Structure formats: structure tokens, C-alpha cells
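Observations on the model geometry
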2 protein chains.
Amino acid sequence: MSSAISPLAPDHFPALPPIGGVTLRTARARYKEWDRADLTFVTLEEGTSVAGVTTQSKCPSPEVEWCRKALVLGRARALVVNAGNSNAFTGNRGREAVEAIAARVAGRLGCEPSDVFVASTGVIGVPLPVDKAEAGLDAAFTADPCGWEDAAATIMTTDTFPKAAVTSAVVDGKTVTLAGIIKGSGMIAPDMATMLGFIFTDAAATPEFLADALRDANGRSFSCITVDSDTSTSDTVLAFATGKAGNAPLEDAESDGADAFRAALADLCLQLAHLVVRDGEGATKFISIAVEGADSDSSAHRVALSIANSPLVKTAIAGEDANWGRVVMAVGKAGEPAERDKLSIRFGATQVAKNGLAVDGYDEAPVAAHLKGSEIEIGVDLGIGEGRATVWTCDLTHGYISINADYRS
Amino acid sequence: MSSAISPLAPDHFPALPPIGGVTLRTARARYKEWDRADLTFVTLEEGTSVAGVTTQSKCPSPEVEWCRKALVLGRARALVVNAGNSNAFTGNRGREAVEAIAARVAGRLGCEPSDVFVASTGVIGVPLPVDKAEAGLDAAFTADPCGWEDAAATIMTTDTFPKAAVTSAVVDGKTVTLAGIIKGSGMIAPDMATMLGFIFTDAAATPEFLADALRDANGRSFSCITVDSDTSTSDTVLAFATGKAGNAPLEDAESDGADAFRAALADLCLQLAHLVVRDGEGATKFISIAVEGADSDSSAHRVALSIANSPLVKTAIAGEDANWGRVVMAVGKAGEPAERDKLSIRFGATQVAKNGLAVDGYDEAPVAAHLKGSEIEIGVDLGIGEGRATVWTCDLTHGYISINADYRS
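This structure is a prediction, so every number in the text was calculated from the model and none was measured. (Residues numbered from 1 in each chain as written. Chains lettered and ligands numbered in written order. Predicted model: local features only at pLDDT ≥ 70, side-chain atom pairs only at ≥ 80, totals over all residues. Heavy atoms only, no water.)

**Quick look at the overall build of chain A**
Convention followed: Helix and strand assignments come from DSSP, with helices taken as H or I runs of at least 4 residues and strands as E runs of at least 2, each series counted from the N terminus. Two things to know: the radius of gyration comes from C-alpha atoms, and the globule rule equals 2.2 Å times the number of residues to the power 0.38. Categorising residues by exposure relies on relative accessible area from a 1.4 Å probe, with only protein chains included: less than 20% of the type maximum marks a residue as buried, more than 50% marks it as exposed, and the intermediate range marks it as partly exposed. What makes two residues a contact is simply this: any of their non-hydrogen atoms within 4.5 Å. To be clear on the numbers: accessible area is Shrake-Rupley with a 1.4 Å probe, and residue cover counts the displayed protein chains and nothing else.
A count of helical and extended segments in chain A gives 11 helices and 14 strands. Radius of gyration (C-alpha) of chain A: 22 Å, near the 22 Å computed for a compact globule of 409 residues. Principal-axis analysis of the C-alpha atoms places the extent of chain A at approximately 70 × 55 × 35 Å. By residue count, 63% of the 409 residues in chain A fall in the buried class. Across chain A, every contact between residues at least 6 apart in sequence was considered, and the portion connecting residues at least 24 apart equals 80%. A total of about 14,200 Å² of accessible surface is found on chain A, and carbon and sulfur atoms cover 48% of it.

Encoded structure:
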């Protein structure tokens, strides 16, 4: 296993305050042959609202199915995250493992099993061992509470650094805090890509308000990142609102502080999403791709993803090669409305092509200088409409191949 | 530039007979700083029908646009192929270069410019230099005719071996021969992926019949291969029928030998398509992906492509890793109708997962042995319908990264 920290990692783990109503604990369930905490157990005080978004995969894990059902009720008392085994594609035995975990926690806390949210990440196709999960939970029940960094590290699998972010907003005269942890995209074979994100706030909010705000934030953050175009069976983002800040509950767009809370949640999600890209497998460049002038925002999004997922674009950036022809190719293959002779492209601040051909007297020097950095910007103007979107990705390097191919399970 | 021949290359160039009515020549236009033939000039006797399929890219090269217009007329007298410059995304200057080439050949042969087909492959964004093209053509006009291997080598850019195939059919009591050459997928930055294929037959066929047969063959061959999911701006396959075999022209499904000819053309296209995969960048494994039990054939095709384009599946094969969970992932992300608990997967002849989970007593040994070979088969049964499709791809290795990233243009 590669243990080198991504060169795109932040300097340090951010300072996250405690969130009222949230208690973090970890334990060693030993889902793999390792000596590290791999079970995260979060308790949430009564009255906590929950909302979530999950993978669109047609082969979701039983955890994802469990969360989808429980989300309908909108209440949460606990979260259990298992690292080292995704429990996906395991049939009835996988479902039974999730039910056993929820039942054990519910028994301990005196709540409904549907108040317990479960997520797992790791290898596909191996049923989560119930005995290890139960022993891990029993250890977690009596463990001392821990801090955010320990929790963020415990949900990691092949990530190279723990990831968290924090924002705040003033709601109904109270300052509410939103904190989140996330894992993902530091995959090593045979583990599967899984992105799990958990957001906690002391704001009071109805499940409906929280769900709507999360859906909106997700559309502009997690849905706008890609490392390798491979969608996980287990992707899950859950947001918990404990209400301990004491604000009048956020209910709808008219609620005091609704806009501020939504903006803070969107900002938090974007920070967390960027951290996943910064830990993309083998990544050496953080790439922003902004598309404008498209037929619609959704069309711009699909064009941007076509560029972000192109192996030829990603390898060109890895090679610091100003090969803008590959961006033309990726726009052309996207299948979205586009007119070659209206297409313009920039790298960093430098226009390289305009209206269907290279700009007159194109000077590659500033583009080459931009590409030597680790923060890369590609701008595309399709020139046919008002649609716009931005997505974020990383480059494709030998590191990606080493992580995923130079290994036998 | 890497010059090692792909480990998946055939042992030798196939024996292709001359095709009546087709004369091959090559010349040095020196589109790049190299000392090799890079202009292929094919003359076709009067009465030759032509059909073609071209890229779906929204940013096609002017050559593609020229061919599309000329194909409407269905007649051909010459083909010019330039290697080293794709002439794509070059605005009016690119269009003028194509027109100049067609005009010069038409003047020489005494035909219409629309009887002259032009294709180019290489770097994007640099107008094809007209002076070099014209000097190359003048040299080609007086060059001695050459054989298939020289022609197949001259259309190469970063391919590692020349590619050709031959088939035959009995039509109207005459044996007709179909020969094809193709280039593609041995890309080295900064060149673009381009697949160019040229098929020649001495059969007599109307342009309409030829177009219909080619469309059908294309759907089961070139449209079923992928190296890296990146669609070129210049992909073109042209089929020329000179009529020199003397058969009564193939006109429709009732024509004598129509089925035999269509089958031979489909076989030829599949052989050529497989050769492109065998020269895929960095390829060490040739991978067949067969999907059955899908909602429809087109749905099966999309699921198969989702697997074939998954970097995680391709790197697992490169690593000879029996990581079938990644196939589950790729099925799940395809967005096509699928039910996790009806999904079955095999590697080679070994069933690894059935009805949503690993088979009882799964033994990895035969799968590991299969993966050590260079011809890999993945079978997926979605279990929900009658749709089926097969696609072909190669693995994703350090070679791909080296070719596309370890290079500055």
C-alpha cells in the first residue's frame, strides 16, 4: 500500500469545534488484518433531524438501501461507519449484517433501529462479518469520546489524509456551526471507490428543509467532482441537525436564516468535495473546469464532465502539456449541443483558441507556466447559450496505475 | 516516441491480394520532421462506388465534413490520406487545404473534386500545410505502385504495427475479395486518437447497398471497441467497391450474394476493429466483454461499454486481479436497467458471482489462471431480458500513462 500523503493535501487538519448533541467514538472491529480503529460510532441527541443523498448505482450496497429507507422518517440517534469492507453485493447476508448493527445500537440507546444510520466502505462482495461488527460496537459503546480528526481518520480506507471542513451561519439570531468529515478516492486495489461524507450541525431544522438544502448543495459540490468516472456502489452523504443551537427550526425558505444556512451548507459541501479530489488516486494537479455559453446548465455540466473524465486531457495535464486539442476532442465527444466554429478555450488566464481555431499569435509560454503549478484552470466557452457549470478533477498519473494495477488481491 | 511493437500484435502482416481497380502509392510530404512516407494516394477506376461512416464528434475535422458531402454522391476515383497532422480545429485554412488537395487530384485524374476522398490524422489545431500536401501529391502521382503493407504503414502515426485484413464472398457466381487497412490507438502525445479505416473490394455494388452494409457492419465492429473512451475528431471508415469482379451489381437484399457479401464485410470490419484494440496504447491484454440478459441490445451495449471504459476494471485486468466487484460497480453506474440481485458475472469460463452475490465455494484459482493470459473474457448476465452485445477493449497500464503524459509537445 502506498502511504505517501497526497501532494495536494492541506497543510493541517482544520480546527473543528464540538457540535452540541454530537458525540464521536471509534473502536477496532478489525474488519481487515490491521491494527487501527475502523469503526466510527456517532451518537446524536434526541430531536436530531437527518437528510441524505446516496449513490445512483443500480447495484447499491445494503447500507445504502437501509439509509434510504430510514431517511424517509427523518430522525437520527446514531451513525455507524465501517471501514475495510463495503458489504456491497453480498445478498441476504449483507442485509442481515446491517440489521444486526442497527438492532444492537437501538438496544443500547433505547431508540428505533430506523434511527440508526449505517455506512460501510472497502472491498465489494464479502459479507460484513457480524461478529466483528458486534464486538466493535460493544467496544465503542464504552469508549471515551474522541475528536474530529480521529473520527475522520477512522472512516478512511486508502485515503492518504483525514478530511474535514467547518462553516457557520447566523440563523434566527444564533450562530450555528456546520462540521463535516469525508473519505474517498484514495483507493488501493482491491478496495472500491467509495465516497462517504457526514455533516453535523447544531442548527435546528426540519428533515424536509435539511433534505432540500442538502440536495441543492450536493448538486453543486459532490455531483461536480470526478476522479476516474467510476461511480461507487456505496456513495453516501448524510447531514444531521441536532437543534442544540436553540434557533427556531428552519422549515422553509421564509425561515429566518434559511438562505444563510443553505449557503453555509453549500460551502461546507464544496470544501469537502474538493478535499476528495485533492486525495484523488495518484493526483498531482487539482483541476477546475469551467464551461459557459452552453445550451443549458445541465448541458454545460455534461460537457465539463466529458473533459474532466477524458484520459487524454488528464494525462496531458499530468505531463504539463498544453495540448488544448484534447479539450476540443472532449467537447466534441460529449454529445451535447456545440458548434465547432463558436468554441473558445482558455488555460489559466490565457486564451488559446477562439471561434474554432487557435488564437492569432498564440504564445504557449504563459500556458506552460500555468501548467507547471498544481492548481489548473481550464475554461471553455461554447458560445451558443447561457448555460454554465464548473467541475473539479485531478490528473491521471502513473500513481493511479500503481495504486490500481500493481497489486494482486 | 515508443517504438516497441504491441505484445498483442499478430505475428505477421496478412497476405492481401491486389484488388482489381485499386492502385496504391505513397510519398513523403514531410508533415512532420521525419523521414518516412506520410501521404497515401489510392486511385480507383471509373465506376467505383463508395460508402462511409464518420465520427459523431461535434468538432469534426474538415476532412470529415468533406467526406460526408462527397459520400452523398456515392462515387470515388481517389483517396488521399495524410499522416502527422489531423488538420482538425483549423477553421477556414483547414477547409482550404482539403479543397486544394481534392482539386489537384481531380485535375490530374480528370474527375470531379467530389470524387476525391481525403482523410488526415495527427496533431489537432495546426492547419495542414498546403505546399507540403501539393509537393507530396506531385511525388505520389509519378511514384511506382506499392503493396498493402506499405500503404498500411504510411497511414500510421503512433501505431506500433501496420494493420490489414482480408475476406471474400461468392456473389452472383463470382468470388469477390474485400481488403482493408486501418490505423489507430497507438497514440503518443501530442497526437490525437484517430481511427481511419479503408476497405476496398472488387465487388460491384451500388453506393446505397454498400452504405447499408457498412452501417450494419460498423454497428457490430468499430462501434464496439474502445481503448480509452476518447472519441476522435477525425474517425472515418470508407469502403470502395470497384466492380472489377464482374458480378451483377449488389443492389438490395434480393441481389444474389447479398447476404454473403454483408457477412464478409462484417467479418472484415471486426478483424480490423480488433487490430486497433490490439494496438491500444500500452495494451497488454485483449479483453472481450459480453453482456446478455439486458433489457435490449442497445442497453447491453451501453452496459458493456461502461465496463470496458472503467479505469478500475481496466487496471484490475492489467494487474491480473480477479476483482469482479469492479465489474459490479461498472454495471451499477451504467444508468441502464439492472437489478443487483439478478446479476451474474463470469471471468473466462468461471462463474464468479450469481444472482447478486459471490457463488458458493468460489475458487479464484481458475480465474487467476485465465487473467494471466493475454486474451481475457468477461461475461455478464443481467438476468432481466433478451438483449445482448459484445465489446472489445484493452487494459490500462503504465504504458498508457507513459505514452500520453511522459511527453511535452
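After that view of the structure, there is still more to cover.
**A word on the interface of chain A and chain B**
Interfaces are often sized by the accessible area lost when the parts come together. Counted only if it meets this: By buried area we mean the combined loss of accessible area, with a 1.4 Å probe, across both parts when two parts are placed together. The term salt bridge refers to a pairing of a side-chain nitrogen on Lys or Arg with a carboxyl oxygen on Asp or Glu at a separation within 4 Å. Counting of polar contacts relies on pairs of N or O atoms within 3.5 Å, with two restrictions inside protein: one atom must be capable of donating a hydrogen and the other of accepting it, and residues adjacent in sequence are counted only when both atoms are side-chain atoms. Nonpolar residues are Ala, Val, Leu, Ile, Met, Phe, Trp, Tyr, Cys and Pro. Charged residues are Asp, Glu, Lys and Arg, and all others, Gly as well, are polar.
Every contact between the two is made by 71 residues of chain A and, on the other side, 71 residues of chain B. Summing both sides of the interface, chain A and chain B together bury roughly 5,200 Å²; the carbon and sulfur share of this comes to 56%. The largest per-residue losses of area from chain A upon contact with chain B belong to Lys58, Phe89 and Arg340 of chain A, which jointly make up 16% of the total buried on that side. Where chain A touches chain B, the interface holds 4 salt bridges. At the junction of chain A with chain B, the criterion picks out 9 residue pairs in polar contact (both at pLDDT 80 or more). Those elements that provide at least two residues to the side of chain A that touches chain B are α1 (62-71), α2 (91-109), α8 (311-318), α9 (325-333), β12 (357-358) and α11 (398-405) of chain A. Here the side of chain A that touches chain B takes 7 residues from α9 of chain A, the largest share from any one element. Taken together, the residues of the side of chain A that touches chain B sort by class into 31 nonpolar, 23 polar and 17 charged.

**What about the pairing of strand β9 (residues 236-241) of chain B?**
Residue and element names in this part refer to chain B. To be explicit about the condition: Paired strands, in this sense, are two strands between which DSSP finds at least two bridges.
For β9, a buried count of 6 out of 6 residues is recorded, marking the element as mostly surrounded by other parts of the structure. Neither face of β9 is exposed, since Thr236, Leu238 and Phe240 on one face and Val237, Ala239 and Ala241 on the opposite face are all buried. Pairing between strand β8 (residues 196-201) and β9: 6 bridges, direction parallel. Residue pairing in the sheet places Phe200 in a bridge with Phe240 of β9.

**Looking at the domain arrangement of chain A**
All names here are of chain A. What counts is decided by this rule: Domain extents, as shown, originate in an automatic or database domain assignment.
Taken domain by domain, chain A holds domain 1 (22-278) and domain 2 (286-405). Each of domain 1 and domain 2 has a C-alpha centre, and these two points are 33 Å apart. Contact residues are listed per partner, giving 15 residues for domain 1 and 15 residues for domain 2. In total, domain 1 and domain 2 occlude about 1,300 Å² of area from one another, counting both sides; carbon and sulfur atoms represent 59% of this. Where domain 1 meets domain 2, there are 1 salt bridge. Of the charged contacts in the structure, one is a salt bridge between Arg278 and Glu375, with a shortest N-O distance of 2.9 Å.

**Some remarks on the UniProt feature "binding site: substrate" (unreviewed entry) in chain A**
Residues and elements named next belong to chain A. Note the threshold: UniProt positions are given in the numbering used here, feature names are shortened, and annotations may be inferred rather than shown by experiment.
Those places that UniProt annotates as "binding site: substrate" (unreviewed entry) correspond, in this numbering, to Thr157, Lys183, Thr194, Glu281, Asn404 and Ser409. Mapped onto the secondary structure, Lys183 falls in strand β6 (residues 174-183). The buried category is assigned to Glu281, whose relative accessible area is 1%.

**Looking at the relation of the copies chain A and chain B**
Rule in force here: A least-squares superposition brings the copies together, and it is based on the C-alpha atoms of residues with pLDDT no lower than 70 in both.
Rotating chain A by 180° and translating it 0.0 Å along the rotation axis places it on chain B, where the RMSD comes to 0.0 Å. This pairing of chains is accounted for by a two-fold axis. Minimal C-alpha distance to the rotation axis in chain A is attained by His398 of chain A, lying at 2.9 Å. The share of interface residues of chain A whose copies in chain B are also at the interface is 100%, consistent with both copies meeting through the same surface.

**Quick notes on helix α3 (residues 130-141) of chain B**
Residues and elements named next belong to chain B. Put simply, the rule reads: One less than the residue count of a helix, multiplied by 1.5 Å, gives the span that helix is expected to have. Comment: arc refers to directions from the helix axis out to C-beta atoms.
Taking 1.5 Å per residue as the helical rise, α3 with its 12 residues ought to reach 16 Å, and the 16 Å between its terminal C-alpha atoms agrees with that figure. For α3, the complete set of buried residues consists of Ala133, Gly136, Leu137, Ala140 and Phe141. Down the axis of α3, the smallest arc covering the buried residues is 135°, so these residues share one side. Next to the buried residues of α3 lie β1 (22-27), β2 (39-44), β4 (78-85) and α2 (91-109).

**Concerning the environment of Ser168 of chain A**
All names here are of chain A. Within the secondary structure, Ser168 sits in strand β5 (residues 163-171). The spatial distance from the C-alpha of Ser168 to the C-alpha of Thr201 is 8.9 Å, given a sequence separation of 33 residues. Ser168 has contacts with Thr175, Val176, Thr177, Leu178 and Ala264, leaving out every residue within four places of it along the chain.

**Points about the pattern of salt bridges**
Residue and element names in this part refer to chain A. If you walk through the whole model with that rule in mind, you get 46 salt bridges over all chains. The partner of Asp216 in a salt bridge is Arg220, and the shortest N-O contact between them spans 2.8 Å. Residue classification places Asp216 among the partly exposed residues on the basis of a relative accessible area of 31%. What you see here is one network of salt bridges that share partners, running through Asp212, Arg215, Asp216, Arg220 and Arg262.

**Let's talk about the packing of α1 of chain A against α2 of chain A**
Relative placement of two packed helices is described by the angle separating their axes and the distance separating the axes. Residue and element names in this part refer to chain A. Just so we agree on the cut-off: An axis is simply a line fitted to the C-alpha atoms; with a helix, the fit covers only the stretch in contact. Between two such axes, the angle follows the N-to-C directions and lies from 0 to 180 degrees. The labels follow the angle: roughly parallel below 35 degrees, roughly antiparallel above 145, roughly perpendicular from 65 to 115, and oblique for the rest. Handedness of a crossing is defined here by the sense of rotation of the near helix relative to the far one, left-handed for an anticlockwise turn of less than a right angle and right-handed for a clockwise turn.
Axis separation between α1 and α2 bottoms out at 9 Å; the angle between their running directions is 50°. If you check the angle between α1 and α2, you find them oblique. Taken as a pair, α1 and α2 cross one another with a handedness that is right-handed. Contacts between α1 and α2 involve Pro62, Glu63, Glu65 and Trp66 on the former and, on the latter, Gly94, Arg95, Val98, Glu99 and Ala102. Of the residues in the contact of α1 with α2, the class split is 4 nonpolar, 1 polar and 4 charged.

**Some details on the packing of helix α8 (residues 311-318) of chain B against helix α9 (residues 325-333) of chain B**
Residue and element names in this part refer to chain B. Orientation of α8 relative to α9, taken along the N-to-C sense of each, is 160°, at an axis distance of 9 Å. One way to sum up the angle between α8 and α9 is to call them roughly antiparallel. In the crossing of α8 with α9, the sense of the turn from one axis to the other is left-handed. Each of Leu312, Val313, Thr315 and Ala316 in α8 lies in contact with α9, whose residues at this interface are Arg326, Val327, Met329 and Ala330. For the contact of α8 with α9, the per-class residue count stands at 6 nonpolar, 1 polar and 1 charged.

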